[in-house]
Amino acid sequence: MAAQSTDPIWTPSQARIDGSNIARYLQFLRDEYSLKFAHYQQLHQWSINNTAIFWSSLVRFFKLKGSFNLNRIFVENDCFYHCQWFPDSTLNFAENLLYPDNISADENNISTNHNNNANPDKLAIISCGEDGRRTQLSYRQLREEVTRIAAAMRELGIVKGDRVAGLLPNCSEAIVAMLATTNIGAIWSSCSPDFGQQGVLDRFIQIQPKLLFACNGYHYAGKKIDINEKVHSIANALPELSKLVIIPYLKLDAELDKATVCHWRHFCAAIPRSLTFEPVAFSDPLYILYSSGTTGMPKCIVHSVGGTLLQHVKELALHTDVQVDDRIFYYTTCGWMMWNWLVSSLSQGATLVLFDGSPFHPHKQILFELANTEKVSIFGASAKYYSACDKAQLRPAQTYELSNLKTMLSTGSTLSHESYDYIYQYIKQDICLSSICGGTDIISCFMLGMPTLPVYRGELQCIGLGMDVAFMNSEDVTFINNENIVTTSITNTQSLTPLVHGKGDLVCRQPFPSMPTGFWQDPGDRKYHNAYFTRFHNIWAHGDYGELTYHYINTPDMLPNAADTQSKPTADITINNITNICINQVGVIIHGRSDAVLNPGGVRIGTAEIYRQVEKLTAIQESIAIGQKWHDDVRVILFVRLSEGIELDTPLISQIKQVIRINTTPRHVPAKIIAVTDIPKTISGKIVELAVRNVVHGISVTNQDALANPEALTLFADLAELQCE
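This is a predicted model, so every value here is computed, not measured. (Residues numbered from 1 in each chain as written. Predicted model: local features only at pLDDT ≥ 70, side-chain atom pairs only at ≥ 80, totals over all residues. Heavy atoms only, no water.)

### Structural notes on the overall build of the protein chain
Now for step 1: Within the protein chain one finds 20 helices and 34 strands.
Now for step 2: Per-residue burial for the protein chain yields a buried fraction of 62% across its 725 residues.
Now for step 3: By sequence separation, contacts in the protein chain at least 24 residues apart represent 74% of the contacts at least 6 residues apart.
Now for step 4: Per element, the accessible surface of the protein chain, about 27,200 Å² overall, is 47% carbon and sulfur. (Helix = DSSP H or I, 4+ residues; strand = E, 2+ residues; numbered from the N terminus. Buried < 20%, exposed > 50% of the residue type's maximum accessible area, 1.4 Å probe, protein only. Contact = heavy atoms within 4.5 Å. Areas by Shrake-Rupley, 256 points an atom, 1.4 Å probe, with all protein chains shown as cover.)

The following block contains the structure:
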């Protein structure tokens, strides 16, 4: 069983619990379904035992706009990914974001939602940049902008099913273009402008967009980066492209070829008409997202209109507690799924706060200054960002009040125990800190936060409602050097018992609405099947390595009316087929990616277990660990990027090994520790263990345009230190 804190580092107040969206949802379940739950774990168990009722209850509770047949919710199939969700229902994604239930659809009336101050002149988007720019749009203005762009797109001939692409910074125009696209029923796909030309083409050439929105440049770390030439080269390489629309993010003198290129303002100058929403099927495509592509061509992952919306409103409203008065910020680019997730907050009538540029420019605390100035209540960033703030000894609480801040989010990689300490000590004490875990594959989360649950150091608070997550032991599975492909498949899944205690591979045992509808141009779903279903037969294998943690609380005090005896458990909770356990909260610890797991002497080790120990040391900025094949076994190799002025001498090597040995096991101690000046990462900032492992073993990394710093790979090639004992 995982070592865990006996005491939480944060506990919600009763006022926070009573005012939460989850409390209102629970009251809805009492009133409409005569259901009572004593604590979250019981609610979660019900949600996975009653799949159809649970997901349909969300449609009703959130009053999603569309034509929903709630008599046909889930149609099972022998194949996990051929089941159907809401097969007789239609809706429009943009309508649900532009006209949320708590922002009046009638411009002359106030909403009848629980927040009677909501109105269409409420701010929808605040867009900021490192160069000091700041713009804002109300919900009324956002609708007008979308109306104009959608009208122009229709004039161009964009119809349902066409692909529209964006190569854009994190700005309001990107959201307007996406909403106009989805208003028509077309499919949106975007990349960040810092992608290399080939990296963009590897993605867009597969989906053949008819329309491309692109910026002419962007700002980063005080530099103006002109991409005008790159944009035109990309456009010229897309044979089905009808029009390129340029958003002049930088002030440049470049001339436009008016035959095929149009300025944003000229494109949206069409006379606005009333906004007509194209109804589409629940399972029709909404977004095409991409795998990292670090080991080959990126996979084009297709996500559905209804599945994305339903999962996002659940996660944002119930798990993150986004409400109409909230201002939510996430440091992201348009090339990361967190952008798609963030934008869905419009469905709750919240205000989005966007930022484009370096998170440490024009000064190192710029994001906290932004949060303070713009009254951000929900703040999100990557785990690496918080670690970097800690290393830089930033102390936001000493400079900024952050009085509106109620929740902090982290994702992208494992949030270390020490980062929990840093956030509560130096940013704010009274916040719900939620580390969340899912990804591009599901455009959502398997594990995330819950504002009515305690926070335990180093743990993700809970498994998402409706997500039947478990950890499986698959020691006999071996990997080849290809993304998410395995050489051995466990076909008799029923013979495997989910782990109650101990580390294993993360799986989801039941279908869920936000799983991809497929991969683009993947006849017979071959790539789709190989990505998620070859490790365990007919069960989603996500590729993370972790374990469950348990907190036993006999008095159910999480939810309203907890003292009422009628609210106490009516049945035992079942955790991975083990019953009669009085569990209030099941948390999760993620130890790394399954395909990056180290296996010295047959013992499986998650890389995050090593990173957590090494990066405690002030001498180490960051690290990356791989397994090197050595004498019919695997030995652990640790590469470290050192702090300025530090050398990797014998005493430091001894210190690194000692801190790992004392806090983990002797098996975790690396056989070699090597200093490097840089560590390769994806555009979204994730370190790429597989790519480094391939370079060390002399296997080429073919798609280096997927990396933010591909030149760093050369630092790991042909190292003399790795040719000897």
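From this point on, the discussion continues.
### Focus: the sheet that holds strand β24 (residues 462-463)
One key point about sheets: their strands pair by backbone hydrogen bonds, in either a parallel or an antiparallel sense.
Now for step 1: Here 3 strands make up an open sheet; going across it, the order is β22-β23-β24 and the pairing antiparallel. The open sheet has two edge strands, β22 (437-439) and β24, and neither has a second partner.
Now for step 2: For strand β23 (residues 444-448) and β24, the ladder comprises 2 bridges, and the chain directions are antiparallel. Counterpart to L448 in the pairing with β24 is C462. (Pairing = 2+ DSSP bridges.)

### Re the environment of A388
Now for step 1: Note that A388 resides in helix α14 (residues 383-391).
Now for step 2: In this structure A388 comes out as partly exposed when scored by relative accessible area, which is 28%.
Now for step 3: Remark: the alpha-carbon pair of A388 and E622, spanning 234 residues in sequence, is separated by 8.9 Å.

### Observations concerning helix α13 (residues 366-373)
Since one α-helical turn is 3.6 residues long, residues separated by three or four positions face the same way.
Now for step 1: For α13, every residue scored as buried is listed here: I366, L367, F368, L370 and A371.
Now for step 2: Taken from the residues just after α13, K375 is the one with a positive phi, measuring 60°.

### Some remarks on the pattern of salt bridges
Now for step 1: Using the criterion set out here, one finds 24 salt bridges in the structure.
Now for step 2: Note that R60 and E32 form a salt bridge whose closest N and O atoms lie 2.9 Å from each other. Remark: E32 occurs in helix α2 (residues 21-33) and R60 occurs in helix α4 (residues 51-61); sequence separation between them is 28 residues.
Now for step 3: Here E32 falls in the partly exposed class, since its relative accessible area comes to 43%.
Now for step 4: For E418, the salt bridge identified is with R612, shortest N-O distance 3.5 Å. Placement of the pair is E418 in helix α16 (residues 417-426) and R612 in helix α18 (residues 607-614), with a sequence separation of 194 residues. (Salt bridge = Lys/Arg side-chain N within 4 Å of Asp/Glu carboxyl O.)

### Structural notes on the confidence of the model for the protein chain
Now for step 1: In this model, the protein chain carries an average pLDDT of 89, and 88% of its residues clear a pLDDT of 70 or more.
Now for step 2: In this model residues 105-117 is a low-confidence stretch, pLDDT under 50, and it forms 20 contacts with partners more than four residues away in sequence or in other chains.
Now for step 3: Across residues 555-573, where pLDDT falls below 50, the model places 45 contacts with residues more than four positions away in sequence or in other chains. (pLDDT = per-residue confidence, 0-100.)

### Some words on the state of the cysteines
Now for step 1: Under the counting rule described, the total for this entry stands at 0 disulfides.
Now for step 2: In this model C171 remains outside any disulfide bridge; the closest cysteine sulfur is found in C334, 6.5 Å from its own. (Disulfide = S-S within 2.5 Å.)

### Comments concerning the nonpolar core
Now for step 1: Counting residues in hydrophobic clusters, the biggest one holds 128 residues, and the most contacted among them are Y25, L43, L142, M153, L179, F213 and L346.
Now for step 2: Considering each element in turn, this core owes the most residues, 8 residues, to helix α7 (residues 172-184).
Now for step 3: Residues in contact with L179, not counting those within four places in the same chain, are A94, L97, L98, L142, V146 and L346.
Now for step 4: Formed by 38 residues, the second largest nonpolar core is a distinct cluster that contains I656, V669, I673 and L719. (Core = buried A, V, L, I, M, F, W, Y, C linked by side-chain atoms within 4.5 Å.)

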